[in-house]
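Chains, contacts and geometry: an overview
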Amino acid sequence: MDCQCQEKVSVPIYTGIDKDRFLQDIYPLRTPAVLRGISLGPCTERWTVDYLSEKGGTTEVKIHVSAVPQMDFLRKNFLYRSLPFSVFVKRAAEERHSEYFISEEESYYLRSLGQDSRREAADIQKQFPGLAEDFCIPEFFEAERFFSSVFRISSRGLQLWTHYDVMDNLLAQVTGRKRVVLFSPRDAQHLYLSGDKSEVLDIDNPDLGRYPGFVKAQRHECILEPGDLLFIPALWFHNTLALEFGVGVNVFWRHLPPECYDKNDPYGNKDPVAASRAMQVLERALRTLEELPPEYRDFYARRMVLHIQSRAFNPQPSEVPKEQGSDADGMAEDHRTTTPNSPLSLPDKQ
């Protein structure tokens, strides 16, 4: 059940898309898009529980285990544990467990890591070479821009916290169905951020007493079917819910010049170097304002906000593309819908 108080926009679905059409018609919009009918290789047919267990073997993998399916990274309501890959897959596919860490109904989540997780980015071809043979990375970006391919497996019902990444990525939903809810970077002020994550854990039934501004964030939503690709532009917040036991691969690439990124970031989620420097300068400025009496601090803080708005905000009026026709080859489905209680106009984008 989704939050009925928010305006809801369905993510457009495109079919018959190749690299040229993606780069010409979809990528410049800088909005999420579902790409359907693109071959991911034999993985969509082969990656059953038994096949995964056999091919993945007994290699130890570090996993998240939670007593509840709604995982919260900020409050760490999960444990890190290790299991042989074959054992993990079978457990993740079960509804109830005869062997467990916390409870019979615990949830499991795997996010693959590099061999040295502090220095090396995840790469399915290195960590799971036998399975990588079945998966074709979509060639929608230049090979030299590739950053990582993250192998993910989720129990049914598992929901991951809302966060953003600093690189563009394609989420390939290989097996199982998944709901993805996204929020525009322009709605960051309504998401109650702690670093790169939102404090609003339950996005379907939010605590509006604690997070009243959350209703102003426009909700972009899609259901990924097996074989679908979801383009998630950098800085777009996203929250995933596994409607079924599912397997997916995220492919991230550097769309900015290499020097923009933190070289010591194997996960690809540290803010760009210039952004980190700017945030440090802002913290110093805020500490300086504390030297002033409250009324002066308030006045000059407001002036700073106005100055940032005039100098740095993108004046683009809307990030929602106009409605398009029916789902014909290379066209997007009509994607604009609103919930019965949604406002008639878009929330202000400052």
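Here we summarise the structure given alongside this text. (Residues numbered from 1 in each chain as written. Predicted model: local features only at pLDDT ≥ 70, side-chain atom pairs only at ≥ 80, totals over all residues. Heavy atoms only, no water.)

Time to look at the overall build of the protein chain. When helices and strands are counted, the protein chain shows 8 helices and 16 strands. Burial statistics for the protein chain: of 350 residues in total, 47% are counted as buried. Here the analysis covers contacts within the protein chain between residues at least 6 apart in sequence; of these, 76% occur between residues at least 24 apart. Only carbon and sulfur atoms are counted for the fraction: they give 51% of the accessible area of the protein chain, which is about 17,900 Å². (Helix = DSSP H or I, 4+ residues; strand = E, 2+ residues; numbered from the N terminus. Buried < 20%, exposed > 50% of the residue type's maximum accessible area, 1.4 Å probe, protein only. Contact = heavy atoms within 4.5 Å. Areas by Shrake-Rupley, 256 points an atom, 1.4 Å probe, with all protein chains shown as cover.)

Before going further, it helps to spend a moment on the packing of helix 7 (residues 273–289) against helix 8 (residues 294–312). Remark: helix 7 packs on helix 8, axes separated minimally by 10 Å, with the N-to-C direction vectors making an angle of 155°. One element, helix 7, and the other, helix 8, form an angle in the roughly antiparallel class. The residues of helix 8 that touch helix 7, namely those facing Leu282, Ala285 and Leu289, are Arg297, Tyr300, Ala301 and Met304. Split into classes, the residues belonging to the contact of helix 7 with helix 8 amount to 6 nonpolar, no polar and 1 charged. (Axes fitted to C-alpha atoms, helices over the stretch in contact; angles between N-to-C directions. Parallel < 35°, antiparallel > 145°, perpendicular 65-115°, else oblique. Nonpolar A, V, L, I, M, F, W, Y, C, P; charged D, E, K, R; others polar.)

Turning to the pairing of strand 3 (residues 33–36), a few remarks are in order. The pairing of strand 2 (residues 13–15) with strand 3 spans 3 bridges and is classified as parallel. By the bridge assignment for strand 3, Ile13 is matched with Val34. Alignment of strand 3 against strand 14 (residues 228–232), held across 3 bridges, turns out to be antiparallel. Bridge pairing links Leu35 to Leu229 in strand 14. (Pairing = 2+ DSSP bridges.)

Okay, a nonpolar patch on the surface next. A surface patch of nonpolar side chains, amounting to about 380 Å² of accessible area, comprises Leu292, Tyr296, Phe299 and Tyr300. Note on Tyr300: relative accessible area 33%, which makes it partly exposed. (Patch = residues over 30% accessible without salt bridge, like charges linked within 9 Å, V, L, I, M, F, W, Y side chains within 5 Å. Salt bridge = Lys/Arg side-chain N within 4 Å of Asp/Glu carboxyl O.)

Here the focus is the environment of Glu244. Examined against the element boundaries, Glu244 turns out to sit in the loop between strand 15 (237–242) and strand 16 (246–253). Relative accessible area serves as the criterion here: at 35%, Glu244 is assigned to the partly exposed category. Taking the C-alpha atoms as reference, Glu244 lies 7.0 Å from Lys178; in sequence the two are 66 residues apart. Each residue touching Glu244, except ones within four places of it in the same chain, is listed here: Ser154, Arg156, Gly176 and Arg177.

Along the chain, the position of Arg179 falls in strand 10 (residues 178–183). Its relative accessible area of 6% is what places Arg179 among the buried residues. Here the side chain of Arg179 touches Asp204 through a polar contact of 3.0 Å, side chain to side chain. (Polar contact = N/O pair within 3.5 Å; in protein donor to acceptor, adjacent residues only side chain to side chain.)

Scanning the entire structure with this criterion turns up 18 salt bridges. A salt bridge links Lys19 to Glu142, with the shortest nitrogen-to-oxygen separation between them at 3.1 Å. Of this pair, Lys19 sits in helix 1 (residues 19–26) while Glu142 sits in the loop between helix 6 (129–132) and strand 7 (146–154), and the two are 123 residues apart along the sequence. Judged by relative accessible area, which is 39%, Glu142 ranks as partly exposed. Put simply, Lys8, Arg179, Asp204, Arg219 and Glu221 are held in one network by salt bridges that share partners.

Further remarks concern the packing of helix 3 (residues 49–56) against helix 4 (residues 85–93). Viewed as axis vectors pointing N to C, helix 3 and helix 4 meet at an angle of 160°, and their least axial separation amounts to 8 Å. Considered as vectors, helix 3 and helix 4 are oriented roughly antiparallel to each other. In terms of crossing hand, the pair formed by helix 3 and helix 4 is right-handed. Between helix 3 and helix 4, the residues in contact are Val49, Leu52, Ser53 and Gly56 and Phe85, Ser86, Val89, Lys90 and Ala93, respectively. Looking at the contact of helix 3 with helix 4 residue by residue, the classes come out as 5 nonpolar, 3 polar and 1 charged. (Left-handed = near helix turned anticlockwise from the far one by under 90°.)

On to helix 3. For an α-helix, the turn length of 3.6 residues means that residues three or four places apart are oriented alike. Listing the buried residues of helix 3 in full gives Tyr51, Leu52, Ser53 and Gly56. Those residues of helix 3 that are buried lie in contact with helix 2 (43–46), helix 4, helix 6, strand 7 and strand 16. Gly57 sits one or two residues past helix 3 and shows a positive phi near 70°.

Here we come to the pairing of strand 10. The element strand 10 is largely enclosed, with a buried count of 6 among its 6 residues. In strand 10, alternate side chains face the same way, and those of Lys178, Val180 and Leu182 on one face and Arg179, Val181 and Phe183 on the other are all buried. Strand direction decides the pairing type here: strand 10 and strand 13 (residues 219–224), joined by 5 bridges, are antiparallel. In the strand pairing of strand 13, Val180 is matched with Cys222. The pairing of strand 10 with strand 15 spans 6 bridges and is classified as antiparallel. Bridge pairing links Lys178 to Ala242 in strand 15.

It is worth spelling out the packing of aromatic side chains at this point. Per the stated rule, a full pass over the model turns up 20 aromatic pairs. Centroid distance Phe73 to Phe78: 6.3 Å. Interplanar angle 35°. Geometry classified as tilted. Take Phe73: its relative accessible area is 23%, and that puts it in the partly exposed class. Accessibility expressed as a relative area gives 7% for Phe78, which makes it buried. Three or more aromatic residues joined by ring pairs form one cluster here, namely Phe22, Tyr27, Phe140, Phe141, Phe231 and Trp253. (Phe/Tyr/Trp six-rings, centres within 6.5 Å; stacked < 30°, edge-to-face > 60°.)

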